[in-house]
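Observations on the three-dimensional arrangement
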Amino acid sequence: MSRIAKIYTEKETSLDAMKGKRIAILGYGSQGRAWALNLRDSGLNVTVGLEREGKSWEQAKQDGFNPKRTEDAVKEADVIIFLVPDMAQRVVYREKVQPYLRERMDLVFAHGFNIHYRLIEPPNNVDVYMVAPKGPGPIVREFYVKGGGVPVLVAVHQNHSNKALEKALAIAKALGGTRAGAIETTFKEETETDLIGEQTILVGGVMELMKAAFETLVEMGYQPEVAYFETINELKMIVDLVYDKGFMGMLRSVSDTAKYGGFTVGKKVINEETRQRIREAAERVRSGKFAEEWIEEYGRGSPVLKKGMEDMDKSKEEEIGRRLKEIIERGRPKS
Ligand SMILES: NC(=O)C1=CN([C@@H]2O[C@H](COP(=O)(O)OP(=O)(O)OC[C@H]3O[C@@H](n4cnc5c(N)ncnc54)[C@H](O)[C@@H]3O)[C@@H](O)[C@H]2O)C=CC1
Ligand SMILES: CC(=O)[C@](C)(O)C(=O)O
Ligand SMILES: [Mg+2]
Ligand SMILES: [Mg+2]
């Protein structure tokens, strides 16, 4: 049923489609900084566009850019890359991009949210495409600097020039993405899978599973330091083994006792009910209900998000984590 995805690599791609184009990167946060630095180091012509002077502005200057006001960067650009937060993109588009849109401009996204849920509806005489890194911004930069790259998804929403895919792949290459691979997808597939992934596993699921295990051990009277190393710190090592060598590689590296306990008990913790919850979360994303809720939350000043950040900052996990930081840092490999 499932067809094999088209994956573009280094040899099949070229920077040519982006040569001579003036690229404006809007936003200099997690992804913005990584993209601006990687694209510049790959020889592309990059300007950073920001709303106002502040932390991002200072950081961009420190990194050798000469940031401009959003509209000034947009006026002089052929390619506009949206790397401000998803919830801010609609306003930036409406107020600072749309008034200066010219035929043959490109609108580029790192996540499909605003296009897929129709918060931004560009005219059809521009190209609209996406290059979505499958990893956090600082890692996109770190891998590139070390000669590697984080895999990316590429998708085309509007192809006025007939060259949108080549341009997406040129950006993917400049980012380091094709050193790994660029997988062709659609805005719908990227948006939905990205949201489902971050909610159910990458951010939500993993965080709650670690918290549940940690807090339970602490409640049962085990020392929090021991619980922290067991349920939070060691997870990285296990995940790194899966990352490097797959599940079989990880399983071969742990004891038979851990394999047996893992096979029999894991399924009791993450069971059919959990899978049902994942399905429900996925349906909420697909129906647009999650997007609607998040837009409403943002409109109210993001109280739930802010409370989540405050509570986590004050949590036992973070308190112990901060206390053990020195030990953890001391033990980390030095290169
Ligand atoms: N964070 C990540 O690693 C990933 C992010 N993405 C996507 O990349 C895009 C950018 O996300 P992040 O890098 O997380 O953003 P971020 O939150 O790190 O972006 C901050 C930047 O946007 C500016 N900014 C903040 N609020 C603004 C506003 N109201 N109006 C204008 N500018 C504002 C800040 O000054 C800063 O330069 C999003 O579409 C996101 O879904 C995709 C893959 C991973
Ligand atoms: C880092 C990433 O890919 C996420 C989790 O999708 C995001 O930050 O939105
Ligand atoms: Mg993601
Ligand atoms: Mg995401």
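Small disclaimer: the values here were computed from a predicted structure and weren't measured. (Residues numbered from 1 in each chain as written. Chains lettered and ligands numbered in written order. Predicted model: local features only at pLDDT ≥ 70, side-chain atom pairs only at ≥ 80, totals over all residues. Heavy atoms only, no water.)

Another point: the packing of aromatic side chains. For the structure shown, the criterion picks out 6 aromatic pairs. With a centroid separation of 4.8 Å and an interplanar angle of 5°, the aromatic rings of F82 and F109 are classed as stacked. Of this pair, F82 sits in strand β5 (residues 79-82) while F109 sits in strand β6 (residues 106-109), and the two are 27 residues apart along the sequence. Judged by its relative accessible area of 1%, F82 is buried. The class for F109 is buried, based on a relative accessible area of 0%. Joined through ring pairs, the aromatic side chains of F82, Y93 and F109 make up one cluster. The residue whose ring lies beneath R40 is F65, and the NZ or CZ to ring-centre distance is 4.1 Å. Taking NZ or CZ as reference, R179 lies 4.5 Å from the ring centre of Y144, over its face. (Phe/Tyr/Trp six-rings, centres within 6.5 Å; stacked < 30°, edge-to-face > 60°. Helix = DSSP H or I, 4+ residues; strand = E, 2+ residues; numbered from the N terminus. Buried < 20%, exposed > 50% of the residue type's maximum accessible area, 1.4 Å probe, protein only. Lys NZ or Arg CZ within 6 Å of the ring centre and 35° of its normal.)

Let us look at the site of ligand 1. Taken together, 21 residues lie near ligand 1, and Y28, S30, Q31, S56 and D86 sit nearest. Contacts to ligand 1 include S30, whose backbone N or O atom sits 2.8 Å from an oxygen atom. Contact between ligand 1 and G137: an oxygen atom at 3.0 Å from a main-chain N or O atom of the residue. Burial of ligand 1 by the surrounding chains reaches 70%, relative to a free accessible area of 830 Å². When contributions to the shell around ligand 1 are tallied by element, the ones reaching two or more residues are α1 (30-41) and α4 (86-97). (Near = heavy atom within 4 Å. Polar contact = N/O pair within 3.5 Å; in protein donor to acceptor, adjacent residues only side chain to side chain. Areas by Shrake-Rupley, 256 points an atom, 1.4 Å probe, with all protein chains shown as cover.)

Here the focus is the pairing of strand β3 (residues 45-50). On a regular strand, one side chain projects to one face of the sheet and the next to the other, so that they alternate. Across the 6 residues of β3, 5 count as buried, placing the element largely inside the fold. In terms of handedness, the path from strand β2 (residues 22-26) via α1 over to β3 forms a crossover that is right-handed. Here β3 runs beside strand β4 (residues 68-69); their pairing, made up of 2 bridges, is parallel. Bridge assignment links G49 to a residue of β4, and that residue is K68. The parallel pair β3 and β4 is bridged by helix α2 (residues 55-62), and the resulting crossover is right-handed. (Right-handed = clockwise from strand over helix to strand, strands pointing away. Pairing = 2+ DSSP bridges.)

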